[in-house]
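Notes for the structure review
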Amino acid sequence: MNDLTLRSATPADVSALLDFWKSAAEGTSISDDEAGVGRLIARDADAVVIAEREGRFVGTVIAGWDGWRCHLYRLAVAPDARRQGVARALLDAAHQRFVALGGRRADAMVLDHNALGRSAWEAAGYAPEPQWSRWTRPLG
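Here goes a summary of the coordinates provided. Counting restarts for each chain: residues are numbered from 1 in the order of the written sequence. A pLDDT threshold of at least 70 governs which residues receive local features in this predicted model, and a stricter bar of 80 or more applies before side-chain atom pairs are shown or counted, although totals over entire chains, interfaces and linings include all residues. For the side-chain quantities, the full set of heavy atoms in the structure was used; hydrogens and water were omitted.

1. Focus: the layout of surface pockets
Buriedness of a pocket was judged along seven lines, with at least five required to meet protein on both sides within 12 Å; pockets are open sets of points on a 1 Å grid over the protein atoms alone, cavities are sets where a 1.4 Å probe fits but cannot get out, and lining residues have an atom within 4 Å of a point. Grid points are joined across faces, edges and corners, and a volume is the space filled by probe spheres set on the points. Of the voids in this model, the second largest pocket is the one considered here, and its volume is about 170 Å³. Classes in brief: Ala, Val, Leu, Ile, Met, Phe, Trp, Tyr, Cys and Pro nonpolar; Asp, Glu, Lys and Arg charged; the others, Gly included, polar. Residues belonging to the lining of the second largest pocket are distributed by class as follows: four nonpolar, two polar and four charged.

Written out as structure tokens, the structure reads:
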């Protein structure tokens, strides 16, 4: 795993991130477009952690901090790089970011039907909280 490089996203990564998520992530988001990802990187590039191996994206996580809570999104690992410690390295980096910012607990968005994702989150020590439901409303 010493050939893995972690870095923050740059504006030049927007297109590559969108392409990577199509092949490595489960589901899509209303913000999965160049404008949405561009805004995220412009606001907080350090929130988007990219794992690379030999210049190729092999994983990502969005470690969002709103000043109060720590939110994790888009933990994705390339299919041919899974079970090699990429997700663990990304989550370790996200957790370090959160602690440095004053965070106390991280939460993760995980699709209920994503069995692979659920097992990865469980392996990292996360568990669902059955007393919560996510409520959403599109804006605009």
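2. Re the packing of aromatic side chains
In this analysis, rings of Phe, Tyr and Trp, with Trp reduced to its six-membered ring, are considered paired at centre separations within 6.5 Å, and the interplanar angle assigns stacked below 30 degrees, edge-to-face beyond 60, and tilted for intermediate values. Per the counting criterion, the structure on display carries two aromatic pairs. Aromatic side chains F20 and F57 sit 6.1 Å apart centroid to centroid with 75 degrees between the ring planes, which places their arrangement in the edge-to-face category. Note that F20 is positioned in helix α1 (residues 14–24) and F57 in strand β3 (residues 56–65), a separation of 37 residues in sequence. The same class applies to F20 and to F57, which are both buried. Taken together, a centroid distance of 4.9 Å and an interplanar angle of 80 degrees make the contact between W121 and Y126 edge-to-face. Each residue gets one of three labels from its accessible area relative to the maximum for its type: buried under 20%, exposed over 50%, partly exposed in between, using a 1.4 Å probe on protein chains only. Look at W121 and you get buried, because its relative accessible area is 7%. The buried category is assigned to Y126, whose relative accessible area is 15%. Geometrically, a charge over a ring is one whose NZ (Lys) or CZ (Arg) sits within 6 Å of the ring centre while staying within 35 degrees of the ring normal. The lysine or arginine in question, R69, covers the ring of W68, its NZ or CZ lying 4.0 Å from the ring centre. Here the guanidinium or amino end of R74 rests over the ring plane of W21, the centre of that ring lying 5.1 Å away. Under the DSSP-based scheme used, a helix requires at least four consecutive residues in state H or I and a strand at least two consecutive residues in state E, with every element numbered from the N terminus.

Limitation: the analysis is restricted to geometry and does not speak to function.
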